[in-house]
Amino acid sequence: MLTVFSTDQLRHAGRGELHRGQLLPCFESPKRAQLILDELESRNLGEIIAPEPRGLEAVLRIHDAAYVDFLQTVFDRWHEIHPDSDAIPHTWNLRGTQSTLPQNIYGQLGYYSCDASTPIMADTWPAIKASADTALTAQRLVLEGQRSVFGLTRPPGHHATSDVFGGYCFFNNAAIAAQAFLDDGAERVAILDIDYHHGNGTQIIFEDRNDVLVVSIHADPAEAYPYFMGYANETGVASGKGFTLNLPLPEGTDWRRYQRALETALAAISRFAPEHLIVSLGVDTFAGDPISRFQLNSNDFSIMGRQIAQAGLPTLFLMEGGYAVDDIGCNVMNVLTGFEEAL
Ligand code: Q9C
Ligand code: ZN
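First things first, this report covers the structure right here in the doc.

## Re the nonpolar core
Nonpolar side chains in soluble globular proteins tend to be buried together.
Next, step 1: Grouped together as the largest cluster of nonpolar side chains are 50 residues, with contacts concentrated most on F150, L192, L281 and M304.
Next, step 2: Those residues in contact with F150 that sit more than four places away from it in its chain are M1, L2, T3, V4, I36, L40, L281, F317, M319, V332 and L336.
Next, step 3: Judged by nonpolar contacts, the second largest core, of 48 residues, contains Y112, I128, L182 and L318.

What follows is the structure, given as structure tokens:
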């Protein structure tokens, strides 16, 4: 399997995130991507290629122009007033009220974000731009006939909406790739999100559409981030009714229970009959993950890859979460080789 990755994606390296009342070292670190690459290389998954640099057209199919411009310029503005820290939001809008975009940088940081876990620094922009380019190059390779491609997207994307960053995400790489498939002529694309956390950004982007099926298996939001979305009764909006499927699972979920949800997810994807499948691949379902509470082991990820291959679809894997750095390479490699072995 080909992998797409750019070293520019390593340049986003936050000093810290607000976690349970403390400023802790960022869980979403460049080391994650480096350790995945090391494992793919040592176990010979296949060639690792750099993304083709692209303009912003495909990003702007999903994200608002003003939000993209904000991400591109906010750190320079921050740096003038705070030369020694990352930009982190700390104030948000009141529930349900329409808000005007404030002039003030703290107001704008709150306007365009949903949490204080997602710092912005000098090289955030080149990293998130390269991550989106990685998704788009991998998407094109699948379009051109590769059975599967791994876009090692980092920073991840599934919590980002058209104009909100958070949950370590800035550009929704999976949504950008899904829209690119449609713009390249596909009629239906399915996104299978197997990150521990519900992909709230992806759901919001596509919930009123019937050309992208979004299926997500995740920790019950009653107990886990992102808390406010991902419930089973969210099934889509207007003409998107029936094209969102949430399969929340309780804390402590092991492979036996997870596998049944995955079967349900894959059956729904089969019925939808998409031309392409995008897998939002998070391995934070691993038992050793420091911020998550599922119980999957490394071998389970191989079975998971094999099961996903049974869908029989051209498949684009895009990286989302996974924070147990000692095992992240092995767990990702196991999904991808499990998939390949099933072919
Ligand atoms: N520091 C992904 O896996 N933080 N994002 C929760 C607060 C947010 C996870 C604890 C977790 C986001 C892509
Ligand atoms: Zn996650």
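## Looking at the packing of aromatic side chains
Next, step 1: All chains considered together, the criterion is met by 14 aromatic pairs.
Next, step 2: Judged by centre distance (5.7 Å) and plane angle (55°), the ring pair of Y67 and Y112 falls under tilted. Placement of the pair is Y67 in helix α3 (residues 65–81) and Y112 in the loop between α4 (105–111) and α5 (124–143), with a sequence separation of 45 residues.
Next, step 3: Overall, the relative accessible area of 5% leaves Y112 in the buried class.
Next, step 4: Consider the rings of F243 and F272, whose centres lie 5.9 Å apart with planes at 65°: the pair is edge-to-face. With a gap of 29 residues between them, F243 in the loop between β7 (212–219) and β8 (244–249) and F272 in helix α8 (residues 255–272) connect regions that are remote in the sequence.
Next, step 5: Taking the relative accessible area as the measure of exposure, F243 reaches 23% and is therefore partly exposed.
Next, step 6: Each member of the aromatic cluster is reached from another via a ring pair, and the members are Y67, F70, Y111 and Y112.

## Thoughts on the coordination of the zinc ion (ligand 2)
Each pair of donors in an ideal octahedron of six around a metal sits at 90 or 180 degrees, and each pair in an ideal tetrahedron of four sits at 109.5 degrees.
Next, step 1: Those protein atoms acting as donors to the zinc ion (ligand 2) are D195 (OD), D195 (OD), H197 (ND1) and D284 (OD), and they sit at 1.9 to 2.7 Å.
Next, step 2: Coordination of the zinc ion (ligand 2) draws on donor residues from a single chain, spaced D-x1-H-x86-D in sequence.
Next, step 3: Residue classification places H197 among the buried residues on the basis of a relative accessible area of 7%.

## Notes on the pairing of strand β6 (residues 189–193)
One face of the sheet, then the other: side chains in a regular strand alternate in exactly this way.
Next, step 1: Counting buried positions over the 5 residues of β6 gives 5, a clear majority of the element.
Next, step 2: Neither face of β6 is left uncovered, since the one carrying V189, I191 and D193 and the one carrying A190 and L192 both have all their residues buried.
Next, step 3: Summarising the sheet, β6 and β7 pair through 5 bridges and their orientation is parallel. If you follow V189 over to β7, its bridge partner there is V212.
Next, step 4: Handedness of the β-α-β unit built from β6, helix α7 (residues 200–206) and β7 comes out right-handed.
Next, step 5: Relative to strand β9 (residues 276–281), β6 runs parallel, the two sharing 5 bridges. Counterpart to D193 in the pairing with β9 is S280.

## Digging into the packing of α5 against helix α6 (residues 173–183)
Next, step 1: Two elements in contact, α5 and α6, have axes separated by 9 Å at closest approach and are oriented at 35°. Judged by the sense of rotation from one axis to the other, the crossing of α5 with α6 is right-handed. When α5 is examined against α6, the residues S131, A132, A135, L136, Q139, V142 and L143 are found in contact with a partner set consisting of N173, I176, A177, A180 and F181.
Next, step 2: By residue class, the composition of the contact of α5 with α6 is 9 nonpolar, 3 polar and no charged.

## Examining α5
Next, step 1: Given a rise of 1.5 Å per residue, 20 residues ought to cover 28 Å, and the 29 Å separating the end C-alpha atoms of α5 matches this to within 8%.
Next, step 2: Of the residues one or two after α5, G145 is the one with positive phi, at around 120°.

## Digging into the pattern of salt bridges
Pairing is possible between side chains that carry opposite charge, provided their charged atoms lie close to one another.
Next, step 1: All chains considered together, the criterion is met by 12 salt bridges.
Next, step 2: The shortest N-O distance in the salt bridge between E52 and R140 comes to 3.8 Å. Of this pair, E52 sits in the loop between β4 (48–49) and α2 (57–60) while R140 sits in helix α5, placing them 88 residues apart in sequence.
Next, step 3: Accessibility expressed as a relative area gives 39% for E52, which makes it partly exposed.
Next, step 4: Since its relative accessible area comes to 29%, R140 is described here as partly exposed.
Next, step 5: A salt bridge links E187 to R188, with the shortest nitrogen-to-oxygen separation between them at 3.8 Å.
Next, step 6: A relative accessible area of 56% places E187 in the exposed class.
Next, step 7: Among the residues examined, R188 registers a relative accessible area of 28% and is labelled partly exposed.

Criteria and thresholds
Residues numbered from 1 in each chain as written. Chains lettered and ligands numbered in written order. Predicted model: local features only at pLDDT ≥ 70, side-chain atom pairs only at ≥ 80, totals over all residues. Heavy atoms only, no water. Core = buried A, V, L, I, M, F, W, Y, C linked by side-chain atoms within 4.5 Å. Buried < 20%, exposed > 50% of the residue type's maximum accessible area, 1.4 Å probe, protein only. Contact = heavy atoms within 4.5 Å. Phe/Tyr/Trp six-rings, centres within 6.5 Å; stacked < 30°, edge-to-face > 60°. Helix = DSSP H or I, 4+ residues; strand = E, 2+ residues; numbered from the N terminus. Donors = N, O, S within 2.8 Å, 3.2 Å for Na, K, Ca; no water. Pairing = 2+ DSSP bridges. Right-handed = clockwise from strand over helix to strand, strands pointing away. Axes fitted to C-alpha atoms, helices over the stretch in contact; angles between N-to-C directions. Left-handed = near helix turned anticlockwise from the far one by under 90°. Nonpolar A, V, L, I, M, F, W, Y, C, P; charged D, E, K, R; others polar. Expected span 1.5 Å × (residues − 1). Salt bridge = Lys/Arg side-chain N within 4 Å of Asp/Glu carboxyl O.

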